[in-house]
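# Structural description and commentary
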Amino acid sequence: MSKRRRTLLFRILLCVLLATGILFVKNQYKPNTLTLGLFSGSVWDVPNLIAYMLYDEAIDGFVDANPGVKIQYRSGTLKEDYSEWLFEKLLLGEEPDVFLVFNSDFDTLARVGALQNLNTLIDRDDHFSMDAFYKNAASLGKYEDGYYALPMELNPMVMGINLDLLNREGVVMPEGDLTWDEFYEICSKVTKDLNGDGVIDQFGCVGFDWQQAVNTNSVKLFDVKNNRGLFNSEKTRKSLEFVKKLNSLNEGQKASIGDFEKGSIAFIVFPFSEYLSYSRYPYKITRSINFNWKCMKLPNGPNGNSAGTFQSLLVGMNAKCKNKELAWKFMKHLVYNDSVQSDVYRYSFGVPVIKSIAESKHAQEKLESQIPDTNFKLNPTTLSDIIETSYMPERFSNYEKAMDLADKELYSAFDNGSDLTRALQVLNKKINDLLQVK
């Protein structure tokens with residue numbers, strides 16, 4: 001082959017490679033296309049066959065308002081597999097432009113640089129304000145000195161109250177927030193052996209466990225800065241003593257959610273998503289409430305307030321996203337748009353993150369259209385009060401393992417009648433040993 005012929009073939013090959021590379025880059029980066037990372041099913045672990053509609057309708061609305069834009073997502077990843085899927089995509093460099101973020105994954109994603117710092121985008125957007133969010137929700141996406149995610153929806157702890165049972169027992173609820181003493185007094189009054197067989201069959205409360213007690217008594221369980229537990233404190237012990245005193249009313253009988261459904265319990269503490277599930281398909285098929293009830297704040301301890309914890313779902317932007325302006329516009333559409341956030345009530349079992357939207361007539365109408373049960377009462381102002389007094393659980397390595405260990409040790413101490421002071425000393429040592437493991 002002549003030198004001239006070899007040169008010509010080389011030039012042709014080079015042109016083909018360049019053309020292929022250009023096509024590859026064009027296919028990889030489409031200026032008007034965003035990829036969205038999400039999972040299938042309910043975020044709050046209650047059956048929800050229409051959860052995907054929240055995002056489908058949000059996408060449709062965004063595309064309609066922005067002609068030429070496309071939002072692509074892959075469906076089918078289950079919630080329990082989503083974190084693994086997302087981290088795998090990050091390792092491969094194939095992560096979506098915008099993606100949902102679990103609270104438990106947020107710190108890790110922010111620390112490794114996977115999330116875009118949103119400060120600049122927030123500061124220069126005159127049509128966006130973090131002040132519109134519930135105050136404690138706004139801080140969910142903050143890491144060190146920047147915002148790296150925005151809240152999408154919330155799921156606070158609430159206390160359900162059987163109004164018919166209390167009326168039947170002649171109980172008049174105190175005005176204002178319920179204190180521990182008032183809560184105990186009511187539980188003591190309604191806890192009874194109704195059929196005279198010597199066994200308690202009407203109870204005061206189910207679900208108010210040691211975690212609810214320390215939360216509502218403003219007990220700090222961890223020193224995150226110094227990586228150690230604070231379980232061995234007087235406030236913790238007194239909180240546990242209250243739970244022990246409350247449980248003793250049942251004389252060894254264990255109340256269950258089933259007892260509440262039968263109308264045999266005055267109070268129940270559970271996530272708001274569970275509260276909604278009693279009046280919405282498909283749970284309503286198997287779970288029935290035949291009495292008037294509503295939700296209220298948790299009772300407040302002597303050193304605290306009615307604070308419970310809340311779960312959250314966030315949305316973040318890929319730090320390597322090519323079109324950050326479009327991604328920001330879409331993120332804002334998800335968390336800030338009236339129709340999308342109102343649809344959280346319609347298609348999910350959580351609460352909108354914008355207070356004015358959560359309390360709006362529009363949002364309430366969407367929620368009520370999904371809840372035909374006239375026994376179910378929901379006051380949007382009360383729900384806002386619950387959220388505003390709630391707080392996010394700690395976020396650090398081994399937090400969940402530490403809380404699982406505390407659960408195991410403290411329930412064992414309650415069941416065995418152990419001395420709580422000694423039990424907390426032992427527990428705190430085990431917690432510190434666990435937190436020191438790298």
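Residue indices begin from 1 for each chain and proceed along its sequence in written order. Where local features are concerned, this predicted model is filtered to residues with pLDDT of at least 70; where side-chain atom pairs are given and counted, the filter is 80 or more; whole-chain, interface and lining totals use all residues. Remark: hydrogens and water are excluded; side-chain values derive from all non-hydrogen atoms of the structure.

## Quick word on the overall build of the protein
Filter applied, for reference: A run of DSSP states H or I qualifies as a helix once it reaches four residues; a run of E qualifies as a strand once it reaches two. Both are numbered from the N-terminal end. Burial classes: relative accessible area under 20% of the type maximum marks a residue as buried, over 50% as exposed, and values in between as partly exposed (1.4 Å probe, protein chains only). Two residues form a contact once any of their heavy atoms are found within 4.5 Å. Note that accessible areas follow from Shrake-Rupley with a 1.4 Å probe, and for residues the cover is restricted to the protein chains shown.
Across its full length, the protein carries 20 helices and 13 strands. Within the protein, the fraction of its 438 residues that count as buried is 50%. Put simply, of all contacts in the protein between residues at least 6 apart along the chain, 75% involve residues at least 24 apart. Of the roughly 21600 Å² that the protein leaves accessible, carbon and sulfur atoms contribute 51%.

## Quick notes on unusual backbone geometry
For Asp45, which is not a glycine, the phi torsion comes out positive at approximately 65 degrees. The residue Asp45 is located in the loop between β1 (33-37) and α2 (52-65) in this model. Phi at Asn227 takes a positive value of approximately 55 degrees, unusual for a residue other than glycine. Here Asn227 falls in the partly exposed class, since its relative accessible area comes to 23%.

## Examining the pattern of salt bridges
Let me state the cut-off plainly: Salt bridge criterion: a side-chain nitrogen from Lys or Arg within 4 Å of a carboxyl oxygen from Asp or Glu.
Scanning all chains against the criterion turns up 17 salt bridges. Asp45 is paired through a salt bridge with Lys79; the nearest N and O atoms lie 3.2 Å apart. Taken together, the residues Asp45 in the loop between β1 and α2 and Lys79 in helix α3 (residues 79-92) connect sequence positions 34 residues apart. Notably, a salt bridge pairs Lys355 with Glu388, separated by 3.0 Å at the nearest N-O pair. One end of the pair, Lys355, is in helix α16 (residues 355-358); the other, Glu388, is in helix α18 (residues 380-388), and 33 residues separate them in sequence. Since its relative accessible area comes to 31%, Lys355 is described here as partly exposed. The class of Glu388 is partly exposed, set by a relative accessible area of 38%. Ionic contacts of the salt-bridge type, sharing partners, join the residues Glu234, Arg237 and Glu241 into one network.

## Examining the nonpolar core
Here is the rule: The criterion is simple. A nonpolar core is a set of buried Ala, Val, Leu, Ile, Met, Phe, Trp, Tyr and Cys residues joined through side-chain atoms within 4.5 Å.
In this structure, Phe106, Leu118, Leu150, Leu313 and Phe330 are the most contacted members of the largest nonpolar core, which totals 91 residues. With seven residues, helix α14 (residues 324-336) is the largest single contributor of residues to this core. Once you skip the residues sitting within four places of it in the chain, Leu313 turns out to touch Phe39, Val43, Trp44, Tyr55, Leu100, Val101, Phe102, Leu150, Pro151, Met152 and Glu153. In terms of nonpolar packing, the next biggest core, distinct from the first, is built from 46 residues, Tyr184, Tyr399, Ala413 and Leu424 among them.

In short, the description is geometric, and any link to function would need to be established separately.
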